[in-house]
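Structural overview
Below, each chain spelled out in residue letters.
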Amino acid sequence: MTTVNSLSQQAVMWVEKYRPQTLDEVIGNEEAKAMLISWLKNWKPGSKPALLYGPPGIGKTTLVHALAKTFSYDLIETNASDIRTAEKILHVAGHAAFEDSLLQHFLGFKGTIILFDEVDGIHGREDAGGLEAIIKIITQAKVPIILTANDVSDPKFRELKNQCLSIQFFRVRPPLIMALLERICEMENVKYEKEALKILAKVSGGDVRSAINDLQAIYERSGKITIEDVKVLSPRDREITIQKALEELFLSDDIERVKRILNEVNVDYEIFLQAIHDNLPYQYKNLEDLASAYDKLSMADIFLGRMKRTQNWSLLKYVIEEMSMGVNLSRKGKYTPIGFKFPPSKLILMARTKLTREVLDKISSLIGKQCHVSRQRAIRDFIPFLRVIFENNPAEAKKFASWFNFTEDLSSYLSGKSRGFIKK
Ligand SMILES: Nc1ncnc2c1ncn2[C@@H]1O[C@H](COP(=O)(O)OP(=O)(O)O)[C@@H](O)[C@H]1O
Ligand SMILES: [Mg+2]
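Residues numbered from 1 in each chain as written. Chains lettered and ligands numbered in written order. Predicted model: local features only at pLDDT ≥ 70, side-chain atom pairs only at ≥ 80, totals over all residues. Heavy atoms only, no water.

Here we look at the site of ligand 1
Near ligand 1 you find 18 residues, and of these Val15, Ile27, Gly57, Thr61 and Thr62 are the closest. Within the backbone of Val15, one N or O atom sits 2.8 Å away from an oxygen atom of ligand 1. For ligand 1, an oxygen atom lies 2.9 Å from a polar atom in the side chain of Lys60. Its free accessible area being 560 Å², ligand 1 has 97% of it covered by the protein chains. Listing elements by their share of the shell around ligand 1, those giving two or more residues are helix H4 (60-70) and helix H10 (208-222). When grouped by side-chain class, the residues that make up the shell around ligand 1 number 10 nonpolar, 4 polar and 4 charged. For the shell around ligand 1, the domains that each give at least three residues are domain 1 (29-168) and domain 2 (179-238). (Near = heavy atom within 4 Å. Polar contact = N/O pair within 3.5 Å; in protein donor to acceptor, adjacent residues only side chain to side chain. Areas by Shrake-Rupley, 256 points an atom, 1.4 Å probe, with all protein chains shown as cover. Helix = DSSP H or I, 4+ residues; strand = E, 2+ residues; numbered from the N terminus. Nonpolar A, V, L, I, M, F, W, Y, C, P; charged D, E, K, R; others polar. Domains from an automatic or database assignment.)

As for unusual backbone geometry
The residue Glu118 is not glycine, and still its phi comes out positive at about 55 degrees. Along the chain, the position of Glu118 falls in the loop between strand E3 (111-117) and helix H6 (128-139). Using a relative accessible area of 38% as the deciding quantity, one classes Glu118 as partly exposed. With phi around 55 degrees, His372 is a residue other than glycine that occupies positive phi space. One can find His372 in the loop between helix H18 (345-371) and helix H19 (375-392). (Buried < 20%, exposed > 50% of the residue type's maximum accessible area, 1.4 Å probe, protein only.)

Concerning helix H16 (residues 287-310)
Look at H16: 34 Å from first C-alpha to last across 24 residues, which is about the 34 Å you get at 1.5 Å a residue. Buried within H16 are the following residues: Asp289, Leu290, Ala293, Leu297, Ala300, Phe303, Leu304 and Met307. Where H16 is buried, its residues contact helix H15 (269-283) and helix H17 (316-330). For H16, the capping residue at the N-terminal end is Asn286, with a side-chain oxygen 2.8 Å from the backbone nitrogen of Glu288. (Expected span 1.5 Å × (residues − 1). Contact = heavy atoms within 4.5 Å.)

Written out as structure tokens, the structure is:
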């Protein structure tokens, strides 16, 4: 029996639902935990910031949140890779230091902790300022600062490491993960075999987040966690083609099945959304069904855009719901699938126009070199005439090609031989 209520409840991601709220709930890395607590207890202005580093999914970010909560600190979280300029970071930090005294005074807060999450997300030249800015701030810190990173082995982090108390985090041991999975099963009323949880914990490679995600995926697929169910988890089995995924999405009457499709299809959400969009008018003939499905799809699109902008991944469940169940349930009548088309038309178009743009850029820059004209003028005044010549008079075209230094590719574009591919 499937009620709307149980559906929306299951759409909650367990990694969020069971995110530890207290320090004790964060499993593993006891030593690192103790170091961090003692660092905070002894912190005074001038103390070094703490740098927590280690592989993803082991609770670094969660631990910082739990720490702030336990010791009544206000936490300002900054995703380092989102911050482009030193000014912005300085502003955030300065603001926090100022607010501290107010909050302390009026609300009894001990103060503020600034979290720079995933500082190794800062890369490339454009972000060099970001890393420098962080180093500048942490060396003049008036509030406790915690940084997290996955991997700081690159030499560019040397200075950062020098300025911090580095605390290394390790993968979480499988028995601990297994115990956590067992607790989650109990709380979710999920039937399980211990041996299956053991396998899950083991294949997670010490990554708690992916262990929980796998547990939920299997449960949503099979309704229980047995050794048999866990076996199907091998990555190869999980992937289905975009054709198969579309077919099930449009066709299936099993709504539980529909929700899982997006976990299994091996393309990113944006492409899949585009594929649904492109295929819908061929699949749903009833206009009301079609309108409703597009409505759901546009909601998914809005959530997806917002999620990407804000990096708020908890929106993903809405994206998935609208895209899968929303579209599937929009169909009222019977349905017989007809052929699907992909790759999505928009992507083809983008690839095409990108190619065209590149070709036009090359041609117009060569024209510009010889004739000293702008790109616009080359495209507007020269290329149409060259096209006529290249299409009709190969001998003359050859002379122009050599004078302008056009490559074969560019010549065949102008002659229309490759235009069918490049541009319609
Ligand atoms: N040590 C842990 N104990 C309990 N849950 C964990 C632990 N590590 C990760 N998790 C689960 O995985 C999710 C992501 O953890 P997170 O703190 O973001 O990892 P990291 O910052 O190390 O990448 C959490 O919401 C939680 O559900
Ligand atoms: Mg993190």
